[in-house]
Amino acid sequence: MISKTAAFWGRLFFCAALLGVASGSVRVSATHWFYGTSENCASSGNSRETRETREKRDEQCDVSTVRRSLDAQFRFVSVGNSDDIEDEIFDLVNRERRKARLPEFVLDSQLSRVARKYSRQMARGGFFGHYDRDGNSVVERVTDENIIGWRKIGENLFFCDGFDDVGGAAVKGWLRSSGHRRNMLDRVYTNTGIGVAEARGGGFYVTQVFLTP
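Residues numbered from 1 in each chain as written. Predicted model: local features only at pLDDT ≥ 70, side-chain atom pairs only at ≥ 80, totals over all residues. Heavy atoms only, no water.

## With respect to the confidence of the model for the chain
Part 1: Across the chain, the average pLDDT comes to 74, with 62% of residues at 70 or higher.
Part 2: Mean pLDDT across the elements of the chain bottoms out in strand β3 (residues 41-43) (21) and peaks in strand β5 (residues 106-107) (98).
Part 3: Per-residue pLDDT stays below 50 along residues 69-79; that stretch engages in 22 contacts with residues further than four places along the chain or on separate chains. (pLDDT = per-residue confidence, 0-100. Helix = DSSP H or I, 4+ residues; strand = E, 2+ residues; numbered from the N terminus. Contact = heavy atoms within 4.5 Å.)

Right under this line is the structure:
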């Protein structure tokens, strides 16, 4: 149920984190759903997972139903150039790493290509989740780009509709979630790639990939 705050502001965003993967085993955290402004969010996430939550946590999120219900009531604003948003996210994430006295990420062009492709895939397909329609995760996506021999990999996802500062909303949302924050501030990760895509019907999809070569 959408909170009154969300109904008033007419804003929404979703986050999901794929935590560190090593030795070929994939672990995905529960998808976090936030409704409302980034300052005042009502989350359905719970540290105590029910059996139903565990069964559903890896399922894709079809954002079209939520967007249609809100589009009927509100006029959404989507602004910003994808390249600018990517640069902003990179700078903001590295700022958090500096605060934590961690080395800054190196921006990896291959990882950014992986991230952009997946953001565009989600935008075109109207889904949101770490697994695509064929069941592939970031592990398969980097392999398709001939990125092999890595030791650890992770992924943060973000979708928003109605925010005029997409990059800031993404990083702020990630910081408020333990799984996303863990990826951002993992001292083992050295490389990152960021990709942003705008859906035709509005809204931005953001993918950030983390990797230890």
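## Digging into the pattern of salt bridges
For side chains bearing opposite charge, pairing can occur when the charged atoms are close.
Part 1: The full count for this structure, using the stated rule, is 7 salt bridges.
Part 2: Here Glu145 makes a salt bridge to Lys117, at a shortest N to O gap of 2.5 Å. Of the two residues, Glu145 sits in the loop between α6 (138-144) and β7 (152-161) while Lys117 sits in helix α5 (residues 109-125), which places them 28 residues apart along the sequence.
Part 3: Assessed through its relative accessible area of 15%, Glu145 is described here as buried.
Part 4: Its salt-bridge partner being Arg141, residue Glu155 comes within 3.0 Å of it at the nearest N-O pair. A residue pair is termed long-range when its members are at least 10 positions apart, and Glu155 in strand β7 and Arg141 in helix α6 qualify at 14 residues. (Salt bridge = Lys/Arg side-chain N within 4 Å of Asp/Glu carboxyl O. Buried < 20%, exposed > 50% of the residue type's maximum accessible area, 1.4 Å probe, protein only.)

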